[in-house]
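Inside the fold
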Amino acid sequence: MVTVGDKGRIVLPADVRERAGLRAGSALVLLETPGGIVLLTREQLRDRVRAELSGVDLVAGLLDDRRGAAAAEDRR
């Protein structure tokens, strides 16, 4: 467990910092999710996004959106 200090600071236990490879000044990303607050390194965030987008065809989705917008413009 960690405690929030009077200036909003939290102290991560040394064993957690060591396992995560964190040093003084390491950047972390804070995500507010429906399940709670999540702290991630940039690498962890990158890996999480890649995993969530795995198998998703973003280009096809963007093309479909653009075609729909173009069709709506043509009907005007």
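A brief structural summary. (Residues numbered from 1 in each chain as written. Predicted model: local features only at pLDDT ≥ 70, side-chain atom pairs only at ≥ 80, totals over all residues. Heavy atoms only, no water.)

Moving on to the pairing of strand 2 (residues 36-41). Here strand 1 (residues 28-33) pairs with strand 2 via six bridges, running antiparallel. For Leu 28, the partnering residue across the bridge sits in strand 2 and is Thr 41. Between the end of strand 1 and the start of strand 2, which pair antiparallel, lie two residues. (Pairing = 2+ DSSP bridges. Helix = DSSP H or I, 4+ residues; strand = E, 2+ residues; numbered from the N terminus.)

Okay, the pattern of salt bridges next. Summed over the entire model, instances satisfying the criterion amount to five salt bridges. The partner of Arg 48 in a salt bridge is Glu 52, with the nearest N and O atoms 3.4 Å apart. You can see Arg 48 and its partner Glu 52 sitting in helix 2 (residues 42-53), four residues apart, about one turn around the helix. The class of Arg 48 is partly exposed, set by a relative accessible area of 32%. For Glu 52, a relative accessible area of 55% translates into the label exposed. (Salt bridge = Lys/Arg side-chain N within 4 Å of Asp/Glu carboxyl O. Buried < 20%, exposed > 50% of the residue type's maximum accessible area, 1.4 Å probe, protein only.)

Turning to a nonpolar patch on the surface, a few remarks are in order. Together, Val 2, Val 4, Ile 10, Leu 28, Leu 30, Ile 37 and Leu 39 make up a nonpolar patch on the protein surface, roughly 600 Å² of accessible area in all. Along the chain, Val 2 falls in the segment before helix 1 (14-20). (Patch = residues over 30% accessible without salt bridge, like charges linked within 9 Å, V, L, I, M, F, W, Y side chains within 5 Å. Areas by Shrake-Rupley, 256 points an atom, 1.4 Å probe, with all protein chains shown as cover.)

Turning to its location among the elements, Thr 41 is positioned in strand 2. Judged by relative accessible area, which is 9%, Thr 41 ranks as buried.

Between the first and last C-alpha of helix 2 there are 16 Å, a value that for 12 residues agrees with the 16 Å anticipated at 1.5 Å per step. One or two positions beyond helix 2, positive phi appears at Gly 55, with a value near 85 degrees. (Expected span 1.5 Å × (residues − 1).)

Honestly, that's just the spatial picture; any functional story needs more than this.
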